[in-house]
Structure formats: C-alpha cells, structure tokens
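# Descriptive structure summary
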Protein chains: 2
Amino acid sequence: MNKVKQREANNATAIDVTDLILHDIQTGVLAPGSWLKQIDLEQRYQCTRPEVRRALDRLAQRRLVEHVPNRGYHVFEPDGRQAAEVSEIRILLETGVADKIAANASRADVEALRELAARFDKLILEGTPIELYEANLAFHYRLLSLCGNSELVKLVTEIRQRTSSAPVSQWKTRARIEQSSREHHEMVNAIAAGETAALKDAISRHIRQD
Amino acid sequence: MNKVKQREANNATAIDVTDLILHDIQTGVLAPGSWLKQIDLEQRYQCTRPEVRRALDRLAQRRLVEHVPNRGYHVFEPDGRQAAEVSEIRILLETGVADKIAANASRADVEALRELAARFDKLILEGTPIELYEANLAFHYRLLSLCGNSELVKLVTEIRQRTSSAPVSQWKTRARIEQSSREHHEMVNAIAAGETAALKDAISRHIRQD
DNA sequence: ATATCCAAAATTGGCGCCAATTTATGCTAA
DNA sequence: TTAGCATAAATTGGCGCCAATTTTGGATAT
C-alpha cells in the first residue's frame, strides 16, 4: 500500500528549485546584479510560479539575492566592505577550530584530505571551472568537518555561499588557483604534523585571498 | 502625487508576521515543541493564510521552527549538543572581536553601555521578564556593534536567536540573572580599562552560562 | 529635435479555492 | 471489553487567477 509515498520517501530528498537557482548563482550562470524574472525562472526550471517565488524569498533571506518591492529580485553583489567582513568572520571561525581539527584528524582523515587536495590539483588542468569549484568545496567541507562542531560546519557553508557570489569568475588567473592548491597541501601537511599555528596561518591566508 | 507610495516609504518598515511569531517564540509565548497550526496563527495575528505560510517557511529556514511535511510546523527545541555547539560558535566570534571592541570604544560608548547594564539591573526587580530579555538584547547589541563588523553583528544576532528558543523560561533563577548582570558590568569595566583578556574571559563565561 | 505626459504592456504580488494527506471518531467484530 | 477498521473531520499544501504597480513606447506640444 501507498506505493507513491514509499517512492517519495525512499527517493533522495526531492530537489527544490531553490538549490537549482543557488547552484546557477554559485557557478556564475546567473550573473551578479542580473534581474531574476519570475517568468524566466518558471520556464528555465520547469516549475510553477509559487515555487519560483518561494525559492526567491528563501534566497533573499540568505542574502544571496536582493528583493526590491514591486521591482523584483536580482542577484546580490557584495561590495568590498561586506566581502571583507565576511572573510573576517570566516577567519575567526575556521582558525578558531584549527586546533580541534588537528587534534581530531586520524591518519585516514589526513589521507582523505590529501586525496581531495590532489583531486583539486588534477582538475586545474583537466576539469571545467565548475568541477574545480566543487572540488574546492569538497576539500573544505571535509577539512572543516573534522572540528566536530556540526553547527559550525553548517554555518560556514552558509556564509561561504554569501561571499563568493561569482566564484568561478573570481578564479580567472591560473596563478591564483595554483596558489590555492599549494595552500591546500600546506594545510594537510600542517594537520599531519600537528602544527596548529602553521595551520591557522595557512587557513587565514587562504581565506583572505579567496 | 503618489501619496500612498510616499506614506508607505516614510512609514517604518511594514512589520511582517514573521517577526511577530519570532517575538512570541523568543518570549516563550509559543512554547518549544508546540505545533503551530496555520489556522490559529491566521486568527491570532489577523493575517491571511499565505502570509502565515511564508512566515513559517522563513522561520524554518532559520531553524527556529521545524517543518514536518504534511504534518506542519512546530517550535524547534535544540538538544544539548546543538546548544553547546552554538555557544561555542558565539564564543569564537564574540571573543574574537573583543580586542576590536575595546579599541573602538569611545568614552561615550562606555557610558552608554554602563547605562544599558544599569537598565538591565533595574529591570531585574521592577520589570517583566520580557522587558528584561529585551534590555539584555539591547546591551549585547550595543556592545557587539563596537567591533565595526556589521556582518558579524547581524550573524550573531541571528544565531543568538537560535540558541535561546525559550530565553525567558531559562532565566528562572534570580541568582543566574544577577550573575548575568554582574558580568555585564564586568565587561564594561574591562573595556573601560582596556583589558582585553579580562573582557574575553567575561564574554566567554557569560555565553556559556546563558 | 527634445522633453513631457499619457496609455498600453509586462511584471510583481496577494488571495482564495480545492486536492491530498493525516488525524480523530465511532462502529463492528472477535 | 478491546482491537481493528472504515468513515468523517481537520489540516496542510499546491495552483491559478486577478489586482496593483512599474516600465516601456509613442504621441503631442514647446
């Protein structure tokens, strides 16, 4: 009985338009500043009007899009000060748990991080910008998860989205990407060696230049 | 021309049902765990069904209420671990900017903080729990604003709401309230004296016991 | 030729209805 | 008397329509 219900429940969490729009903002498909017309989104994502509106409202709550009453929603573009402030927050949080990360990291964790850092490396040459972006996310997620504070992980994931509204375009220079990759390895090495001071320093520099 | 528009713009930002429900959750009128039926809210706040649903969706996004599909929304009650994790986050952020707070505080700022701390003191005896709660919020808002990072202020305001779902009921013991008040004064004194270490310590203890 | 004003088109946003699901109630059978 | 089931009530949630506002295009007057 209730085949449909069963199907729904077993099925991976039904993806919501919010995530689709979010992904397109993150990957730069929807450029910062551009207006998000409800009709366009409705067609693009093959969904209904109320769904679009709910998604836009959610993204506005997260300050990823800005809402102008009776005018519509447009992709938010953080000014320099806001970006700097958010970076500051990330540095406080991520360096603040650096010692916990180093303490909790098992040999297997270090190995997994090495692999993720290597994957990022590899994708610099072979992958698309989007793949690179996602590999970066995966690395940082794994790294931060070691701190043991899942609320903090969620929070940082959230505010990381807030800064890098157009992360793909930001990484235009090869030199900068390679620098990022070096810092990834630097972090892993610091963890493996238990050098929390070096880890904090690497994290700090990494966030500042991102 | 456009009298209405003018009126609307000049008028204080039209308050939204979300804030009303939020306030009632914060002050404990809507108890943790209780179900928020759409019909009840619709009547209680004299608003339409879609407004209620939008508000509930927003509060669910902020994790102040929990959504169970086809069952409804109920006030979120954080378990011990989550509460501890959120406290940990607040300590990282608020002690992290303690030096900035101390550095930026002018004589007038210190005076204003003294006044807010005194107001809290006074309300312990004379005020209602809600007034006390709001005086506490005002003190902390003023204090944190001195750090100069407005994004951080917004963020902490947001996550502070997340921990203390029923702050009024938490403060049942007089002893605890008075301890809080002492710590307020302790913080102000530390700022006035420029003793950042003492400030960090006071903030840390204050958050942990809250 | 250009600025201003008016009208039409497009877009946003509010509201109510109805289907789907869940919960409560009462009835029947063991 | 109690457990199970079926039916009814209540609640949630999706969808579409229409009003309100804004924008665009064009016509007129200076």
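Preceding this section is the structure that the text describes.
What comes next is a walk through the structure. (Residues numbered from 1 in each chain as written. Chains lettered and ligands numbered in written order. Predicted model: local features only at pLDDT ≥ 70, side-chain atom pairs only at ≥ 80, totals over all residues. Heavy atoms only, no water.)

## As for the relation of the copies chain A and chain B
What counts, and what does not: To superpose the copies, least squares is applied to the C-alpha atoms of every residue with a pLDDT of at least 70 in both. Note on definitions: a residue-residue contact is assigned when non-hydrogen atoms from the two residues lie within 4.5 Å.
Overlaying chain A on chain B yields an RMSD of 0.0 Å, the required transformation being a rotation through 180° with an accompanying axial translation of 0.0 Å. On the angle and the small slide along the axis, the relation comes out as a two-fold axis. Most of the interface of chain A is mirrored in chain B, where 100% of its interface residues again form contacts.

## Examining the packing of helix α5 (residues 80-96) of chain A against helix α5 (residues 80-96) of chain B
Packed helices, taken two at a time, are described by their axes: the angle between them and the distance between them. Note the following rule: Fitted lines through C-alpha atoms serve as axes, helices being fitted only where they are in contact, and the angles separating the N-to-C directions of these axes extend from 0 to 180 degrees. Think of it this way: any DSSP run of H or I at least four residues long counts as a helix, any run of E at least two long counts as a strand, and we number them from the N terminus. Oblique is the label for every angle not falling under 35 degrees (roughly parallel), over 145 degrees (roughly antiparallel), or within 65 to 115 degrees (roughly perpendicular). What makes a crossing left-handed is the near helix being turned counterclockwise from the far one by less than a right angle; a clockwise turn instead makes it right-handed. Here the nonpolar group is Ala, Val, Leu, Ile, Met, Phe, Trp, Tyr, Cys and Pro; Asp, Glu, Lys and Arg are the charged ones; every other residue, Gly included, is treated as polar.
For the pair α5 of chain A and α5 of chain B, the least separation of the axes is 9 Å and the interaxial angle reads 120°. Between α5 of chain A and α5 of chain B, the angle falls in the class oblique. Where α5 of chain A crosses over α5 of chain B, the handedness of that crossing is right-handed. Where α5 of chain A abuts α5 of chain B, its residues Ile89, Leu92, Leu93 and Gly96 of chain A lie against Ile89, Leu92, Leu93 and Gly96 of chain B. Here the contact of α5 of chain A with α5 of chain B is composed, by residue class, of six nonpolar, two polar and no charged.

## Describing the pairing of strand β2 (residues 65-68) of chain B
Looking along a regular strand, one sees the side chains alternate between the two faces of the sheet. Residue and element names in this part refer to chain B. Note the cut-off: In short, DSSP must find at least two bridges between two strands for them to pair.
Of the pairings in the sheet, the one linking β2 to strand β3 (residues 72-75) comprises four bridges and is antiparallel in character. Bridge pairing links Val65 to Val75 in β3. Hairpin remark: β2 followed by β3, antiparallel, with three residues in the connecting loop; positive phi at Asn70, about 65°.

## Digging into the protein's contact with DNA strand D
This is how the line gets drawn: Any residue with a non-hydrogen atom lying within 4 Å of a molecule or strand is treated as near it. Between N or O atoms, a polar contact is any pair within 3.5 Å; within protein, one atom must be a potential hydrogen donor and the other a potential acceptor, and residues adjacent in sequence are included only when both atoms are from side chains.
Near DNA strand D lie 15 residues; those nearest to it are Arg71 of chain A together with Arg49, Arg53, His67 and Asn70 of chain B. For DNA strand D, a phosphate oxygen lies 3.3 Å from a polar atom in the side chain of Thr48 of chain A. At a separation of 2.6 Å, a phosphate oxygen of DNA strand D approaches a polar side-chain atom of Arg71 of chain A. Among the elements of the structure, α3 (38-44) and α4 (49-61) of chain B are those that each provide at least two residues to the surface near DNA strand D.

## Points about the packing of α5 of chain B against helix α12 (residues 196-209) of chain B
All names here are of chain B. Where α5 contacts α12, the axes come no closer than 9 Å and their chain directions differ by 160°. When the axes of α5 and α12 are compared, the pair comes out roughly antiparallel. Helix-helix and strand crossings are classified by hand; for α5 and α12 the assignment is right-handed. Side by side, α5 and α12 meet where Ser87, Glu88, Arg90, Ile91, Glu94 and Thr95 of the first sit next to Lys200, Ile203, Ser204, Ile207 and Arg208 of the second. Here the residues of the contact of α5 with α12 are counted per class, giving three nonpolar, three polar and five charged.

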